[in-house]
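Breakdown of the fold
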Amino acid sequence: MARFLLAWELGDGLGHVNRLLPLARALRDAGHETIWAIKDVVGGGRRLGSDVGPIVAAPIRPQSGNTQPPLSLADILITMGFSQPDALKPMLRSWVDLLELVGPDVVLADYSPTALLAARILELPAVAIGNGFEIPPDRSPLPSLQPWQSVPGRQLEKSERAVLPSINSVMSDYRAPALDRLAQLYAGRDSLLCCFPEFDHFGAREDADYLGPVLEQPPEPPDCDSVSNRRRLFFYLSAKHPFTRPLLEYLARRGEPAIGYVRDAKQADLQNLSSLSLHISSEPLDMTEMLASANLVICHGGAGTTPAAILAGVPTLMVPLSIEQAMLAYRIGYAGLGVPVPSDKHMAAIDSLLRRSRQPDVYERVGAVAARYADFDPRHQAETMTARCLAQLES
């Protein structure tokens, strides 16, 4: 029996836990032990339950309040103190101490760069798990996070130069090998890239081993005519976005048949917004069931909801909350598989944006992608991911 540590350090939402959960279950079914170190022990713990192993809080450092959108992943690391050895050292030590206490045979790291550094120090096998944003291309400098505008290479190089020497300074204290480039921070001995080329935040990569998004159930890809003839849209939104309430009020006034869930919403607000045509659930809804009856999905462009919708043949209208969501929304919009809502427009253009999202050519392109991956099997994906993690025991 081997021991696996499943780590989640950065990023919000439970998508990270949802991505690791099938892998953890498969490892436990094979007789191995799994221990979790996760960012959100409350929400994540509730999602995991009690049958997938012990859960501890991951060492995390709050990001500084930088109001400017990051130009690269190096800028995100700067807000976490990676450019200052005195700030990075205690964080890295915490992960090293945690790994030494747990004693894993393999570290499975979902968007956990500090955990990967700690595994590198202790010479532990580590597997990086994530979507295209969390496992960037192996380039130096790291590519821009704003593909919709031209970012000078010297700015990207400047950010990388602010971080890489700091990391290597701390690594030298442990007599550990230095990083040649920052992209190495996001890669273990193996990397499981959980997306398809169409959903890669950095665009399709040559020779990449795309495993596909981790979905609980494979959606049934219908023909595009059946999707466009449906009467109801599905929404999955956050109450934190200023667009959410005006949008729901608009849908209620218009009488647009719609059903969905709003995270972090107060029950009183939900009751005030609900109408005969607009149903707002107080609990998360079954995604597969909702997609099977939707002609459109309105979401924030997350790496879980967006691919699930498109693989079910349903276009998306995306209102990003984060830079990661903005990148995916840009890629989806560029490919004509959905419509991103410009940050400077929102409600001013909602009528035209809804019409654009439901154009026949959009349904046709989305249907073509759904048909391309009609044979995608999450069970086979889980088997592949499990086998590659177990292979680390032989390294």
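A few points on the structure. Everything numeric in this text was worked out from a predicted model, so none of it was measured.

**Regarding the nonpolar core**
Across soluble globular proteins, nonpolar side chains have a tendency to be buried as a group. One finds Leu73, Phe82, Trp95, Ile167, Leu182, Leu185 and Phe199 to be the most contacted residues of the largest nonpolar core, which totals 81 residues. With 8 residues, helix H4 (residues 85-102) is the largest single contributor of residues to this core. In this structure, Leu237, Leu278, Leu317 and Ala349 belong to the second largest nonpolar core, which totals 24 residues.

**With respect to the packing of aromatic side chains**
This structure, assessed with the given rule, holds 6 aromatic pairs. Members of the aromatic cluster, connected to one another through ring pairs, are Trp148, Tyr330 and Tyr334.

**As for the pairing of strand E5 (residues 126-130)**
Within E5, 5 of the 5 residues are buried, which leaves it mostly tucked inside the rest of the structure. Relative to E5, strand E4 (residues 106-110) is paired through 4 bridges, and the arrangement is parallel. Paired with aspartate 110 across the strands is isoleucine 129, a residue of E5. In terms of handedness, the path from E4 via helix H5 (residues 113-122) over to E5 forms a crossover that is right-handed. For E5 and strand E6 (residues 190-193), the ladder comprises 4 bridges, and the chain directions are parallel. Along E6, the bridge assignment pairs valine 127 with aspartate 190.

**Some points on H5**
Buried residues dominate H5, accounting for 8 of its 10 residues. Among all positions in H5, only Pro113, Thr114, Ala115, Leu116, Leu117, Ala118, Ala119 and Ile121 are buried. In the core, the buried residues of H5 are packed alongside strand E1 (3-8), helix H3 (73-79), H4, E4, E5 and helix H6 (153-173).

**What to know about the packing of H4 against H6**
At a minimum axis separation of 9 Å, H4 and H6 run at an interaxial angle of 50°. It follows that H4 is oblique to H6 by the angle criterion. Here the hand of the crossing between H4 and H6 comes out right-handed. Facing Pro85, Leu88, Lys89 and Leu92 of H4, the residues of H6 in contact are Ser166, Ile167, Ser169, Val170, Met171 and Asp173. Partitioning the contact of H4 with H6 into residue classes produces 6 nonpolar, 2 polar and 2 charged.

**Here we look at the pattern of salt bridges**
Side chains that carry opposite charge are capable of pairing whenever their charged atoms lie near each other. Per the stated rule, a full pass over the model turns up 17 salt bridges. Of the charged contacts in the structure, one is a salt bridge between aspartate 173 and lysine 89, with a shortest N-O distance of 3.2 Å. With aspartate 173 in helix H6 and lysine 89 in helix H4, this pair connects stretches of sequence that are 84 residues apart. Aspartate 173 sits in the partly exposed class, given a relative accessible area of 48%. Here aspartate 209 makes a salt bridge to arginine 388, at a shortest N to O gap of 2.7 Å.

**Description of the side chain of serine 281**
Relative to the helices and strands, serine 281 resides in strand E9 (residues 278-281). A relative accessible area of 10% means that serine 281 is categorised as buried. There is a polar contact of 2.5 Å between the side chain of serine 281 and the backbone oxygen of glutamate 283. Contacts of serine 281, omitting those with residues within four sequence positions, involve Gly260, Tyr261 and Leu270.

The rules behind these values
- Residues numbered from 1 in each chain as written.
- Predicted model: local features only at pLDDT ≥ 70, side-chain atom pairs only at ≥ 80, totals over all residues.
- Heavy atoms only, no water.
- Core = buried A, V, L, I, M, F, W, Y, C linked by side-chain atoms within 4.5 Å.
- Buried < 20%, exposed > 50% of the residue type's maximum accessible area, 1.4 Å probe, protein only.
- Helix = DSSP H or I, 4+ residues; strand = E, 2+ residues; numbered from the N terminus.
- Phe/Tyr/Trp six-rings, centres within 6.5 Å; stacked < 30°, edge-to-face > 60°.
- Pairing = 2+ DSSP bridges.
- Right-handed = clockwise from strand over helix to strand, strands pointing away.
- Contact = heavy atoms within 4.5 Å.
- Axes fitted to C-alpha atoms, helices over the stretch in contact; angles between N-to-C directions.
- Parallel < 35°, antiparallel > 145°, perpendicular 65-115°, else oblique.
- Left-handed = near helix turned anticlockwise from the far one by under 90°.
- Nonpolar A, V, L, I, M, F, W, Y, C, P; charged D, E, K, R; others polar.
- Salt bridge = Lys/Arg side-chain N within 4 Å of Asp/Glu carboxyl O.
- Polar contact = N/O pair within 3.5 Å; in protein donor to acceptor, adjacent residues only side chain to side chain.

Geometry only, nothing functional implied.
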